[in-house]
Amino acid sequence: SAVISQKPSRDICQRGTSLTIQCQVDSQVTMMFWYRQQPGQSLTLIATANQGSEATYESGFVIDKFPISRPNLTFSTLTVSNMSPEDSSIYLCSVGQRDTEAFFGQGTRLTVV
Amino acid sequence: DAKTTQPPSMDCAEGRAANLPCNHSTISGNEYVYWYRQIHSQGPQYIIHGLKNNETNEMASLIITEDRKSSTLILPHATLRDTAVYYCIASYHDMRFGAGTRLTVKP
């Protein structure tokens, strides 16, 4: 198993600003993922964070809005840029290996006012 | 990832078995069936996964049909704490969540 620590756990931000969310894992992992969960909705995959290369974004998500860093095998950040109230969501980090289960952080609850 | 279809909601009496179905008719040969659940707005919790054989762990059992086009998650003795949204995912490595089934366990 893997223990994932996400920071901050919650934040209230002004529109037009940016927030960087950190994800720290207690062991080296190949794959790290970022998800968004809008109020009352299921989880949506934003991107796969690749160590040593650019993140792979899902349809509807772009690097300018959600830049991602993955400097090593235990750490990643997701930035939510130029925020609007529509970005109010829970953002979750996940880690996994092929053919095995994924583990999830407890999420960052973001409110944009 | 193969698309999955689950009923939007189910009820179960406390102490009884909860049987949650999932259809994944387009699953490919290397995709596993994973089950997760999410309680309130916590991070999803892994339950069980399998490729083609039935699986059992301390939380649940997973029954996969021989053609792998559907599966059933069984919680043998549901408790009130099992009330959650349950997600079935057919995947090789990245988890893509559908709408899930909201299971309500009632006293």
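Above this text you will find the structure in question.
How each quantity is defined
- Residues numbered from 1 in each chain as written.
- Chains lettered and ligands numbered in written order.
- Predicted model: local features only at pLDDT ≥ 70, side-chain atom pairs only at ≥ 80, totals over all residues.
- Heavy atoms only, no water.
- Helix = DSSP H or I, 4+ residues; strand = E, 2+ residues; numbered from the N terminus.
- Rg over C-alpha atoms; globule rule 2.2 N^0.38 Å.
- Buried < 20%, exposed > 50% of the residue type's maximum accessible area, 1.4 Å probe, protein only.
- Contact = heavy atoms within 4.5 Å.
- Areas by Shrake-Rupley, 256 points an atom, 1.4 Å probe, with all protein chains shown as cover.
- Salt bridge = Lys/Arg side-chain N within 4 Å of Asp/Glu carboxyl O.
- Disulfide = S-S within 2.5 Å.

J.: Is there a simple way to think about the overall build of chain A in this case?
T.: Counting its regular elements, chain A contains zero helices and 11 strands. The helix and strand sequence of chain A, counted from the amino end, reads β-β-β-β-β-β-β-β-β-β-β. In terms of C-alpha radius of gyration, chain A reaches 13 Å, essentially the compact-globule figure of 13 Å for 113 residues. Across its three principal axes, chain A shows a C-alpha extent of roughly 40 × 25 × 20 Å. Here chain A holds 113 residues, and the buried ones make up 50% of them. Considering only residue pairs separated by 6 or more positions, chain A has 53% of its internal contacts joining residues 24 or more positions apart. Just so you have it, chain A exposes about 5,400 Å², and 47% of that area is on carbon and sulfur atoms.

J.: Hey, could you run me through the pattern of salt bridges in this one?
T.: Opposite charge on two side chains permits pairing when their charged atoms draw close. Residues and elements named next belong to chain B. If you walk through the whole model with that rule in mind, you get five salt bridges over all chains. Taking the shortest distance from any N to any O, the salt bridge between Asp 82 and Arg 37 comes out at 2.8 Å. Of this pair, Asp 82 sits in the loop between strand 7 (70–75) and strand 8 (84–91) while Arg 37 sits in strand 3 (residues 32–38), placing them 45 residues apart in sequence. Residue Asp 82 shares its accessibility class with Arg 37, and that shared class is buried.

J.: It is not clear to me how the state of the cysteines should be interpreted in this structure. Could you clarify?
T.: Chemically, a disulfide is nothing more than a covalent bond linking the sulfur atoms of two cysteines. Scanning the model with the defined rule gives two disulfides over all chains in all. What pairs with Cys 23 of chain A in a disulfide is Cys 93 of chain A, and their sulfur atoms sit 1.9 Å apart. Here the S-S torsion is close to -65°, and the disulfide linking Cys 23 of chain A with Cys 93 of chain A is therefore left-handed. Note that Cys 23 of chain A is positioned in strand 3 (residues 19–25) and Cys 93 of chain A in strand 9 (residues 89–96), a separation of 70 residues in sequence. Like Cys 93 of chain A, Cys 23 of chain A is buried. Covalently, Cys 22 of chain B is tied to Cys 88 of chain B through a disulfide, its sulfur atoms 2.1 Å apart. Its S-S torsion of approximately -80° makes the covalent link between Cys 22 of chain B and Cys 88 of chain B left-handed. A residue pair is termed long-range when its members are at least 10 positions apart, and Cys 22 of chain B in strand 2 (residues 18–23) and Cys 88 of chain B in strand 8 qualify at 66 residues. In this pair, the class of Cys 22 of chain B matches that of Cys 88 of chain B, namely buried. Between Cys 13 of chain A, a free cysteine, and Cys 23 of chain A, which holds the nearest cysteine sulfur, the sulfur-to-sulfur gap is 18 Å.

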